[in-house]
Amino acid sequence: MKVIIFLGGFFPSMNHGGPVVSIDNLCRLLSDKIDFYIVTKDHDLGTKERFKDIKDTWMIKENYNILYWPDSFFTKSRINNLLKEINPDLIYINSLFSYKIVIPILKGKGNIPALIAPRGQLCKNAFRKKIKKYMYLFIFKSLFKSKTVFYQFTSMEERLSILKHIKVRENKIFFLDNISIGPTQNVGIPIEKSTNNLKIVFISRIHPKKNLDFALSVINNLSGDIIFNIYGPIEDTIYWESCKNIIANYPKNIIVNYNGVISHEDVYKVFTENHVFLFPTKSENYGHVIPEALIMGCSVITSDQTPWQANSDQMFLHSIPLNKKDEYLSVIKKFVAMNHDEYKRLSSEAILYAHDKIDRQKIKNEYINVFTKIIDYRGE
């Protein structure tokens, strides 16, 4: 089976977030069954500077072949010629609203079936009050409702949002879970933990959706020796300035470090260097950083706007509504007071939970079955 994947950014990109991880994990998991071809832009998000050490032809990697294109190459005719060259069984489009990529693909793909992964772009908190997006879906509805176009959902909210906004039949949408895979190499053991200190980490885009200012306002009320490490690209400079204003008024017991952007492989190491991942996001279709933290034994405090919903007996995972700020503070205080033995136990429980939650063989079979169904589809 040949699958060609189109997406707006891929490694060595450091600014595109979860979708890049989704595709990388997909190729790592299924490369023994599927020949993957990735077509992506030749520059990172927020810059036009071409990646170093890339070629103008197909590059052969361990789990996929990849081709980097400048923006101007994403045209109907060029895509049509590329598809004739590769002759894929399936096109996998890793976005719905990257219109400069999506529309030329849908116009130039011929009868090759296409699977679109909206990646949460239609979900409530990501889609509200987006008039241009409604217009986009209306103008190109004949393309989006074509008999050879299908959709992936990873949650019930996303399933309902696809049915609502695109109005396709239920037999044109498929559940495919996101894939989480641990680090490719040993990154060491979790950090020591003593009573009355805590190292907190935030890894995500610096953007209002990710809610860093909320996290900053919560930890402002902590006592003890607190270090808050922030990683991620600054997408909204005005928002970042408002975050820095909060930090400027912190008491001396709280140290905040903005550490810039890190590679995906380094994310795992960072989680072993911190006790708690604080991520009060406003909306996540999946949130790859959550299982990545748990896999490394780092406890997670997140919002209830992700698929990762905690049970009352899981002290290593907390999913708290954003209107319960006091609960965030209360939970973090418990971590501050924790000693090393307590923390080590939670860390072990987090790792076991993550590995139990992620049944990779089951997910692998689901992808193969869905891809096969789409390729063999003969309906209207």
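Engineer: Requested: an account of the sheet that holds strand E1 (residues 2-6), with residues and values cited.
Structural biologist: With mixed pairing, the eight strands of this open sheet are ordered in space as E3-E4-E2-E1-E5-E6-E7-E8. Looking at the sheet topology across the chains shown, the edges are occupied by strand E3 (59-60) and strand E8 (173-175). Where strand E2 (residues 35-41) meets strand E4 (residues 65-69), five bridges bridge the pair, whose relative direction is parallel. Along E4, the bridge assignment pairs threonine 40 with tyrosine 68.

Engineer: Quick one: what's the story with the packing of aromatic side chains, residue by residue and with numbers?
Structural biologist: Counted by the stated rule, this structure contains 22 aromatic pairs. Plain terms: the ring middles of tryptophan 240 and tyrosine 258 are 5.0 Å apart, the flat faces sit at 50° to each other, and that makes the pair tilted. Of this pair, tryptophan 240 sits in helix H9 (residues 237-248) while tyrosine 258 sits in strand E11 (residues 254-258); the two residues are 18 residues apart in sequence, bridging distant segments of the chain. Assessed through its relative accessible area of 9%, tryptophan 240 is described here as buried. One aromatic cluster is present, built from ring pairs that chain together Phe97, Tyr99, Tyr136, Phe140 and Phe144. The ring centre of phenylalanine 73 lies 3.7 Å from the NZ or CZ of arginine 78, which sits over that ring. Here lysine 133 stacks its cationic end above the ring of phenylalanine 97, 4.8 Å away from the centre of that ring.

Engineer: Break down the environment of arginine 205 for me, with residues and values.
Structural biologist: Tracing the backbone through its elements, the reader meets arginine 205 in the loop between strand E9 (197-203) and helix H8 (212-219). Ignoring any residue separated from it by four or fewer positions in sequence, one finds arginine 205 in contact with Asn15, Lys210, Pro233 and Glu235. There is a polar contact of 3.0 Å between the side chain of arginine 205 and the side chain of glutamate 235.

Engineer: So, the nonpolar core: which residues are in play, and what are the values?
Structural biologist: Within the largest apolar cluster, 58 residues are counted, with the highest numbers of intra-cluster contacts made by Leu212, Phe271, Phe277 and Ile332. Setting aside residues no more than four positions away along its own chain, phenylalanine 277 makes contact with Val201, Phe202, Ile203, Phe271, Val289, Ile290, Ala293, Cys298, Ser299, Val300 and Ile301. Within the second largest apolar cluster, 36 residues are counted, among which are Leu83, Ile103, Phe153 and Val168.

Engineer: Explain the packing of H8 against helix H12 (residues 325-337) to me, and be specific about the residues and the numbers.
Structural biologist: At a minimum axis distance of 9 Å, the contact between H8 and H12 shows a crossing angle of 60°. Between H8 and H12, the crossing angle belongs to the class labelled oblique. Like other packed secondary-structure pairs, H8 and H12 cross with a definite hand, here right-handed. Here H8 contributes Phe214, Ser217, Val218 and Ile219 to the contact with H12, which in turn contributes Lys325, Tyr328, Leu329 and Ile332.

Engineer: I'd love a proper account of the packing of H8 against H9, names of residues and values included.
Structural biologist: Contact pair H8 / H9: the axes reach a minimum separation of 10 Å and the direction vectors enclose 5°. What the angle tells us is that H8 and H9 run roughly parallel. Between H8 and H9, the contacting residues are Leu212, Asp213, Leu216 and Ser217 on the first element and Tyr239, Trp240, Cys243, Ile246 and Ile247 on the second. Here the contact of H8 with H9 is built from residues that sort into seven nonpolar, one polar and one charged.

Criteria and thresholds
Residues numbered from 1 in each chain as written. Predicted model: local features only at pLDDT ≥ 70, side-chain atom pairs only at ≥ 80, totals over all residues. Heavy atoms only, no water. Pairing = 2+ DSSP bridges. Helix = DSSP H or I, 4+ residues; strand = E, 2+ residues; numbered from the N terminus. Phe/Tyr/Trp six-rings, centres within 6.5 Å; stacked < 30°, edge-to-face > 60°. Buried < 20%, exposed > 50% of the residue type's maximum accessible area, 1.4 Å probe, protein only. Lys NZ or Arg CZ within 6 Å of the ring centre and 35° of its normal. Contact = heavy atoms within 4.5 Å. Polar contact = N/O pair within 3.5 Å; in protein donor to acceptor, adjacent residues only side chain to side chain. Core = buried A, V, L, I, M, F, W, Y, C linked by side-chain atoms within 4.5 Å. Axes fitted to C-alpha atoms, helices over the stretch in contact; angles between N-to-C directions. Parallel < 35°, antiparallel > 145°, perpendicular 65-115°, else oblique. Left-handed = near helix turned anticlockwise from the far one by under 90°. Nonpolar A, V, L, I, M, F, W, Y, C, P; charged D, E, K, R; others polar.

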